[in-house]
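These are the residues of each chain, in order.
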Amino acid sequence: MTAVHQELHFADAGEAADLAAFLARLIHYDRAAAVRLQAGGGVLAVFGRPPSFEVLAIRTARLEAIVPTDAASATAAGGPAGSRGSGGLDTTVSAGEFADALDRARAERTAEAPGGRGLVVIVPQAVTGPPWAGVLPPRGGWRRVDGLPGADEVRGAVTAAVAEFRARDAALPEERRTRAERDRIGQEIWSRTLGATGLPLRAVHAAQSLGFLRPVRASAASAAAIPAGARGGVTTAPGPTADPLVLLAAGGWLRLRTPYGSVAVRTSGFPGLSVTPA
């Protein structure tokens, strides 16, 4: 029996390139990383969990269509194209395999059709997902949390926390410079909250490390939306005059939304993990 794959038709090759960069960062922290893909309403949401930060990272990109390969073949042969763009997608795949698929599609596009905006990527075969992939943020019910500092202040908080960790680590006597002691210091620092928001500093550190806190460019807002049908999603993306950073809450979750992606943290129920800065 021939395996049926799905094609993701990206609306903008630049957004696909940004997604590839996001996957590369996840793979940097975990070579065996998996990502959960959910798509609907013309948007793909990619969920990952960099192991050092105890958070979920979310990156999105606009889609023109989701096409089963058998339907794509039929269309190419002059058959009906009625299934084009229908349905959705919810699967867990290897981050490395998905990154490779993006790279291949970008290389083929450059060689064969350098013009145009879109990109076609074949979704890799599904893998058995890690436990976190079954515990995603809720679909709706998000409300804005007041009190989030501006972007410069948020970046400054991360810089100060990293500097404190390094200073305290350097001050440890040799006999106490162990992984357990460094993790203890990291846990103390990164479990602190950002002002009165309740957002742990580890979430802000993750956003910085994943490239979500870099200065805003004009096209970034279009990639910040999360599909209404994807868990953890809201349909509103920050526009050119909107606040570049927004903190949202739903149930036991907080989500820091930026023009380049989101970082979500469960405020209850997760066991403590190492938060030593990478």
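Given the structure is predicted, the values throughout are model-derived calculations rather than measurements.

Rules used in this analysis
Residues numbered from 1 in each chain as written. Predicted model: local features only at pLDDT ≥ 70, side-chain atom pairs only at ≥ 80, totals over all residues. Heavy atoms only, no water. Helix = DSSP H or I, 4+ residues; strand = E, 2+ residues; numbered from the N terminus. Contact = heavy atoms within 4.5 Å. Areas by Shrake-Rupley, 256 points an atom, 1.4 Å probe, with all protein chains shown as cover. Phe/Tyr/Trp six-rings, centres within 6.5 Å; stacked < 30°, edge-to-face > 60°. Buried < 20%, exposed > 50% of the residue type's maximum accessible area, 1.4 Å probe, protein only. Lys NZ or Arg CZ within 6 Å of the ring centre and 35° of its normal. Salt bridge = Lys/Arg side-chain N within 4 Å of Asp/Glu carboxyl O. Axes fitted to C-alpha atoms, helices over the stretch in contact; angles between N-to-C directions. Parallel < 35°, antiparallel > 145°, perpendicular 65-115°, else oblique. Nonpolar A, V, L, I, M, F, W, Y, C, P; charged D, E, K, R; others polar.

Peer 1: Would you take a moment to explain the overall build of the protein for this structure?
Peer 2: Looking only at helices and strands, the protein features 6 helices and 10 strands. Within the protein, contacts between residues separated by at least 24 positions form 69% of all contacts whose residues are at least 6 apart in sequence. Taken as a whole, the protein presents about 12,700 Å² of accessible surface, with 52% of it coming from carbon and sulfur.

Peer 1: Sorry, what's going on with unusual backbone geometry here?
Peer 2: Keep in mind that most residues, glycine aside, have a negative phi and that most peptide bonds are trans. In the Ramachandran plot, Glu54 falls in the positive-phi region, its phi being about 60° despite a non-glycine side chain. Counting through the fold element by element, Glu54 comes out in the loop between strand E3 (43-48) and strand E4 (56-68).

Peer 1: So what exactly am I meant to see when it comes to the packing of aromatic side chains here?
Peer 2: Two aromatic rings are characterised by how far apart their centres lie and by the angle between their planes. For the coordinates displayed, the defined rule picks out 2 aromatic pairs. Taken together, a centroid distance of 5.9 Å and an interplanar angle of 25° make the contact between Phe22 and Phe212 stacked. A residue pair is termed long-range when its members are at least 10 positions apart, and Phe22 in helix H1 (residues 13-29) and Phe212 in the loop between helix H6 (201-209) and strand E8 (246-250) qualify at 190 residues. Across this residue pair, the class does not change: Phe22 and Phe212 are buried. Judged by centre distance (5.3 Å) and plane angle (85°), the ring pair of Tyr29 and Phe53 falls under edge-to-face. A residue pair is termed long-range when its members are at least 10 positions apart, and Tyr29 in helix H1 and Phe53 in the loop between E3 and E4 qualify at 24 residues. When its relative accessible area of 18% is taken as the criterion, Tyr29 is described as buried. Accessibility expressed as a relative area gives 2% for Phe53, which makes it buried. If you follow Arg214 out to its NZ or CZ, it ends over the ring of Tyr260, 3.7 Å from the centre.

Peer 1: Looking at this structure, I do not really get the pattern of salt bridges. What am I missing?
Peer 2: Pairing between side chains of opposite charge can happen when the charged atoms of each approach one another. Considering all chains together, one arrives at 17 salt bridges under this definition. As a salt-bridge pair, Arg168 and Glu164 come within 3.2 Å of each other at their nearest N and O atoms. Pair noted here: Arg168 and Glu164 are both in helix H4 (residues 151-170), with a separation of 4 residues, about one helical turn. Residue classification places Glu164 among the partly exposed positions, given a relative accessible area of 25%. Glu188 is the salt-bridge partner of Arg192, the closest N and O atoms lying 3.6 Å from each other. One network of salt bridges, in which partners are shared, links Glu164, Arg168, Arg176, Glu181, Arg184, Glu188 and Arg192.

Peer 1: Help me understand the packing of H4 against H6 in this model?
Peer 2: For any two helices packed against each other, one specifies the crossing angle of their axes together with the interaxial distance. Direction vectors running N to C along H4 and H6 enclose 100°, while the axes themselves pass 10 Å from each other. Viewed along their axes, H4 and H6 adopt a mutual orientation that is roughly perpendicular. In this structure, H4 uses Val154, Arg155, Ala157, Val158, Ala161 and Val162 to contact H6, whose residues at the interface are Leu201, Val204, His205 and Gln208. Within the contact of H4 with H6, the residues separate by chemical class into 7 nonpolar, 2 polar and 1 charged.

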